[in-house]
Amino acid sequence: MLNKTLAALLMISALLLGACEKESETYPVTGEQCGPEDPVQTLDAADCDILPAGV
């Protein structure tokens, strides 16, 4: 069970880290053109509050 959880966590981490391209003109997953008006340009890690289950 722990091995499957760890493997899933590593795969998700790899996907998220692979999507972080600062120098690219397009989004890596969709291929859409990046623009200065995109709302994700202003996101910060503090904006991603993840609450524990049951809260």
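Note: the structure precedes this text.
Residues numbered from 1 in each chain as written. Predicted model: local features only at pLDDT ≥ 70, side-chain atom pairs only at ≥ 80, totals over all residues. Heavy atoms only, no water.

1. Brief notes about the overall build of the chain
Piece 1. Each helix and strand counted, the chain has one helix and zero strands in total.
Piece 2. Counting only residues that meet the buried cut, the chain has 2% of its 55 residues in that class.
Piece 3. When the accessible surface of the chain is split by element, carbon and sulfur atoms take 64% of a total near 5400 Å². (Helix = DSSP H or I, 4+ residues; strand = E, 2+ residues; numbered from the N terminus. Buried < 20%, exposed > 50% of the residue type's maximum accessible area, 1.4 Å probe, protein only. Areas by Shrake-Rupley, 256 points an atom, 1.4 Å probe, with all protein chains shown as cover.)

2. Remarks on a nonpolar patch on the surface
Piece 1. A contiguous nonpolar surface patch, about 300 Å² in accessible area, is contributed by Leu 6, Leu 9 and Leu 10.
Piece 2. Positionally, Leu 9 belongs in helix α1 (residues 2-18).
Piece 3. Judged by its relative accessible area of 51%, Leu 9 falls in the exposed class. (Patch = residues over 30% accessible without salt bridge, like charges linked within 9 Å, V, L, I, M, F, W, Y side chains within 5 Å. Salt bridge = Lys/Arg side-chain N within 4 Å of Asp/Glu carboxyl O.)

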